[in-house]
Amino acid sequence: MPKRKTKLPTEIVLTYKVRHDHDLKNLPDEFIKIAQKAVDIIWENINWKEKKVKHRYRVGRKYKYYTTIRLIPEIPKDKTFKRQLRNILLKNWNFASHYVDGAIKVAYSTIESWKSNYLNGKRKRNKPIFKRPFVRVKTILIKYDKEKRQIRVTIKPRGEYLTLNIK
C-alpha cells in the first residue's frame, strides 16, 4: 500500500487596506530608526572569536586537508545588556515603549539571520541595514472589540489610539 502524504495545516491570513484619519507617517520611520540604532549598538558589542576550521577537498580518490582561521561572532544576549539597550533606546522615544521592545526583537532576529548566513558563507562581515520602513506591533498593543467590531491599536501611552472599523 502506498504511503499517503499528509498535508500540513495552513493558516490563511487576509490583509486589507483600511482607511483611517490618523497621521502615522512618523511611526514607521521612527521605528526603522530605532531598530537600526539597536542593530548598531548590538553590532558594536559583538565579540569576534577566532576558530580553526578544517576543510577538505578531493584529489582523485583521496582527500587533502587544510585549515583556516575564521572569525565567529558572539552576539551579546545577557539580561543586563538587553536592559541597558532598552534604556538607551527609550530616551527621547515619543511612542509606546512596546514599540522599542519590538524594535529590539527585530534587531536581534535580523542579526541572528545575518549570523547564520555569514557562517554559511552567504554574507560578508557587513552590518545589516534596514531600508524599508515598517512597524512590528506587539499583540499587547492591539485590542479587539467584538460588539463594536473595531480594532484599537495603541500609538502613544494613555490616550492616543488608532481605531480601525472592520464592519
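For the structure itself, look to the data block above.
Conventions used here
Residues numbered from 1 in each chain as written. Predicted model: local features only at pLDDT ≥ 70, side-chain atom pairs only at ≥ 80, totals over all residues. Heavy atoms only, no water. Helix = DSSP H or I, 4+ residues; strand = E, 2+ residues; numbered from the N terminus. Expected span 1.5 Å × (residues − 1). Phe/Tyr/Trp six-rings, centres within 6.5 Å; stacked < 30°, edge-to-face > 60°. Buried < 20%, exposed > 50% of the residue type's maximum accessible area, 1.4 Å probe, protein only. Lys NZ or Arg CZ within 6 Å of the ring centre and 35° of its normal. Axes fitted to C-alpha atoms, helices over the stretch in contact; angles between N-to-C directions. Parallel < 35°, antiparallel > 145°, perpendicular 65-115°, else oblique. Left-handed = near helix turned anticlockwise from the far one by under 90°. Contact = heavy atoms within 4.5 Å. Nonpolar A, V, L, I, M, F, W, Y, C, P; charged D, E, K, R; others polar. Salt bridge = Lys/Arg side-chain N within 4 Å of Asp/Glu carboxyl O. Core = buried A, V, L, I, M, F, W, Y, C linked by side-chain atoms within 4.5 Å. Pairing = 2+ DSSP bridges.

S.K.: Give a description of helix H3 (residues 97-119) that names residues and reports values.
M.R.: Helix length check: H3 (23 residues) gives 33 Å between terminal C-alpha atoms against 33 Å at 1.5 Å per residue, within 8%. In the stretch just after H3, Gly121 is the one whose phi turns positive, near 85 degrees.

S.K.: Got a sec to walk through the packing of aromatic side chains? Specific residues and values, please.
M.R.: Under the definition given, this model contains nine aromatic pairs. For the ring pair Trp93 and Phe95, a centre distance of 5.5 Å and an interplane angle of 65 degrees mean the geometry is edge-to-face. Given the relative accessible area of 12%, Trp93 is considered buried. We classify Phe95 as buried; its relative accessible area is 14%. Through pairs of rings, three or more aromatic residues link up here, namely Trp43, Trp48, Trp114 and Tyr118. Stacked on the ring of Tyr63, the Lys or Arg Arg56 has its end atom at 4.1 Å from the ring centre.

S.K.: Explain the environment of Lys143 to me, using residue names and the numbers behind them.
M.R.: Along the chain, Lys143 turns up in strand S3 (residues 142-145). Between the alpha carbons of Lys143 and Thr154 there is a distance of 8.5 Å; along the sequence they are 11 residues apart.

S.K.: Mind laying out the packing of helix H1 (residues 26-44) against helix H2 (residues 79-90), listing which residues take part and the relevant values?
M.R.: The geometry of H1 relative to H2 is characterised by a closest axis approach of 11 Å and an angle of 140 degrees between their N-to-C directions. As the angle between them shows, H1 and H2 are arranged oblique. Judged by the sense of rotation from one axis to the other, the crossing of H1 with H2 is right-handed. Facing H1, whose interface residues are Ile34, Lys37, Ala38, Ile41 and Ile42, H2 presents Phe81, Leu85, Ile88 and Leu89. Among the residues forming the contact of H1 with H2, the class breakdown is eight nonpolar, no polar and one charged.

S.K.: Quick one: what's the story with the pattern of salt bridges, residue by residue and with numbers?
M.R.: One pass over the full model with this rule turns up six salt bridges. The residue Glu30 makes a salt bridge to Lys33 at a minimum N-O spacing of 3.7 Å. Here Lys33 and Glu30 lie together in helix H1, a separation of three residues that amounts to about one turn. Of the residues examined, Lys33 reaches a relative accessible area of 53% and is grouped as exposed. The shortest N-O distance in the salt bridge between Lys138 and Asp101 comes to 3.7 Å. Of the two residues, Lys138 is situated in the loop between H3 and S3 and Asp101 in helix H3; the sequence distance between them amounts to 37 residues. The class of Lys138 is partly exposed, set by a relative accessible area of 25%.

S.K.: So what's going on with the nonpolar core? Residues and values would help.
M.R.: The biggest cluster of nonpolar side chains holds 34 residues, and the ones touching the most others in it are Ile42, Leu85, Leu89, Tyr99 and Tyr108. Mapped onto this core, the elements with two or more residues apiece are H1, H2, H3, strand S4 (150-156) and strand S5 (160-165). Every residue in contact with Leu89, bar those within four places of it in the chain, is listed here: Ile34, Lys37, Ala38, Ile41, Val100 and Ile104.

S.K.: Describe the sheet that holds S5, and please don't skip the residues or the numbers.
M.R.: Remark on secondary structure: sheet strands pair via backbone hydrogen bonds, oriented parallel or antiparallel. If you walk across this open sheet you meet the three strands as S3-S4-S5, and the pairing is antiparallel. The strands lining the two open edges of the sheet, one partner per strand, are S3 and S5. Strand-to-strand, the axes of this sheet are offset by a mean angle of 25 degrees, without reference to chain direction. Pairing geometry for S4 and S5, over six bridges, is antiparallel. For Ile151, the partnering residue across the bridge sits in S5 and is Leu164.

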